[in-house]
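One letter stands for each residue in the lines below.
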Amino acid sequence: MNNRGIIILDPGHGQFGNPHTTREGFYEGTQNFILASFLKTELEKLGFDVRMTRDKVEDNPELAERGSMSGKLGAVMFLSIHSNAPGGNPGEERYAKIRGAETFYSVSDCEGNAPIARDLTDAVVRTMQTENRGIKTRRYPDNESVDYYGVLRSAAASGCKRAFLIEHGFHTNPEDSAFLQNSECLARLAKAEAEVIDKWF
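About the criteria used
Residues numbered from 1 in each chain as written. Predicted model: local features only at pLDDT ≥ 70, side-chain atom pairs only at ≥ 80, totals over all residues. Heavy atoms only, no water. Pairing = 2+ DSSP bridges. Helix = DSSP H or I, 4+ residues; strand = E, 2+ residues; numbered from the N terminus. Axes fitted to C-alpha atoms, helices over the stretch in contact; angles between N-to-C directions. Contact = heavy atoms within 4.5 Å. Phe/Tyr/Trp six-rings, centres within 6.5 Å; stacked < 30°, edge-to-face > 60°. Buried < 20%, exposed > 50% of the residue type's maximum accessible area, 1.4 Å probe, protein only. Lys NZ or Arg CZ within 6 Å of the ring centre and 35° of its normal. Core = buried A, V, L, I, M, F, W, Y, C linked by side-chain atoms within 4.5 Å. Salt bridge = Lys/Arg side-chain N within 4 Å of Asp/Glu carboxyl O.

K.L.:
Quick question: what am I supposed to make of the sheet that holds strand E1 (residues 6-11) here?
P.N.:
Strands belonging to one sheet form pairs held by backbone hydrogen bonds; the direction of such a pair is parallel or antiparallel. Taking strand neighbours across the sheet as the criterion, the six strands line up as E2-E1-E3-E8-E4-E5 in an open arrangement whose pairing is mixed. Each of the sheet's edge strands pairs with one partner strand only, and the pair in question is strand E2 (49-52) and strand E5 (132-136). Taken over all neighbouring pairs, the strand axes of this sheet differ in orientation by 15° on average, direction set aside. Both strand E4 (residues 101-105) and strand E8 (residues 163-170) contribute to a ladder of four bridges, which runs antiparallel. Across the sheet, residue Thr103 finds its bridge partner in E8, namely Ile166. In the packing of helix H5 (residues 150-157) onto the sheet, the strands contacted are E1, strand E3 (77-84), E4 and E8, and the crossing angle to E8 comes to about 160°.

Printed below as a string of structure tokens:
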């Protein structure tokens, strides 16, 4: 019986969003969907009612639609699932070496969200054996009280303040991407994240 509240899982991007640079045929959008599907199963075993913003791998709803789903359904948590790529221009030599996991959390309740974000990041880092890039907020430059990321912003605006976005390593790094390309590894990652969510919710 699912009676511990609704959780919204948002597998970031669409099916062919952001190709892995380390191995042909793998995409962030598809691997996000596989990880989210494993996490859904783990959370349902723990008694949560879990909904996905993408019911099928080929779905690709608008960002505002993804986030606002949590408020519409009265969700206790919104979690957006991603992997990373270097921003700016790190240079060709450094590009593939940058790795690690990090979690962004909604500024709508920094005090409440920060410890959950920290536990989620620690679980991902431990399971992936990657670097810890910490927990972060990202705000609009002209409005410090608003989340920069559209999914977190729309989740918080819809009434769900427990909103997070995890960057599960870099799909541009050989070690991180090898983990993300392996379904057994993703299943382990889902279990580790479910344990953290179980503890907090």
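From this point on, the discussion continues.
K.L.:
Would you mind showing me how to read the packing of aromatic side chains here?
P.N.:
Aromatic ring pairs: the centre-centre distance and the angle between the two ring planes describe each pair. Per the counting criterion, the structure on display carries four aromatic pairs. Between the aromatic rings of Phe104 and Tyr149, the centroid separation amounts to 5.1 Å while the plane-to-plane angle is 70°, which identifies the pairing as edge-to-face. Here Phe104, found in strand E4, pairs with Tyr149, found in the loop between strand E7 (143-147) and H5; they are 45 residues apart in sequence, far enough to count as distant. Here Tyr140 and Tyr148 contribute two aromatic rings whose centre-to-centre distance is 5.8 Å and whose plane-to-plane angle is 55°, an arrangement assigned as tilted. The exposure class of Tyr140 is partly exposed, given its relative accessible area of 31%. A residue is classified by how much of its surface remains accessible, and Tyr148, at 33% relative accessible area, is partly exposed. By way of ring pairs, the aromatic residues Phe104, Tyr140, Tyr148 and Tyr149 are connected into one cluster. Over the face of the ring belonging to Tyr148 we find Arg138, whose NZ or CZ atom lies 3.8 Å from the ring centre.

K.L.:
Would you explain the nonpolar core in this entry?
P.N.:
Counting 36 residues, the largest nonpolar core has Leu9, Leu39, Leu43, Leu79, Leu120, Phe164 and Ile197 as the members making the most contacts within it. Contacts of Leu39, omitting those with residues within four sequence positions, involve Leu9, Leu79, Ile81, Ala190, Glu193 and Ala194. Formed by twelve residues, the second largest nonpolar core is a distinct cluster that contains Phe78, Val151, Ala155 and Leu165.

K.L.:
For this particular structure, what's the right way to read the pattern of salt bridges?
P.N.:
Two side chains of opposite charge can pair, provided their charged atoms sit close to one another. Going through the model one piece at a time under the given rule, you end up with twelve salt bridges. Its salt-bridge partner being Glu44, residue Lys40 comes within 2.7 Å of it at the nearest N-O pair. Taken together, the positions of Lys40 and Glu44, both in helix H1 (residues 28-45) and four residues apart, correspond to about one turn of that helix. Of the residues examined, Lys40 reaches a relative accessible area of 24% and is grouped as partly exposed. Ionic pairing is found between Asp119 and Lys199, a salt bridge with its closest N-O pair at 2.6 Å. Of the two residues, Asp119 sits in helix H4 (residues 110-128) while Lys199 sits in helix H7 (residues 183-200), which places them 80 residues apart along the sequence. With relative accessibility at 57%, the residue Lys199 sits in the exposed group. A cluster of three or more residues bridged by salt bridges with shared partners is formed by Glu42, Lys45 and Lys191.

K.L.:
Before we go on, may I ask you to explain the environment of Arg94 in this structure?
P.N.:
Along the chain, Arg94 falls in helix H3 (residues 92-95). Residue Arg94 is classed as partly exposed on the basis of its relative accessible area, which comes to 48%. Spatially, the C-alpha atom of Arg94 lies 10.0 Å from that of Asn173, the residues being 79 residues apart in sequence.

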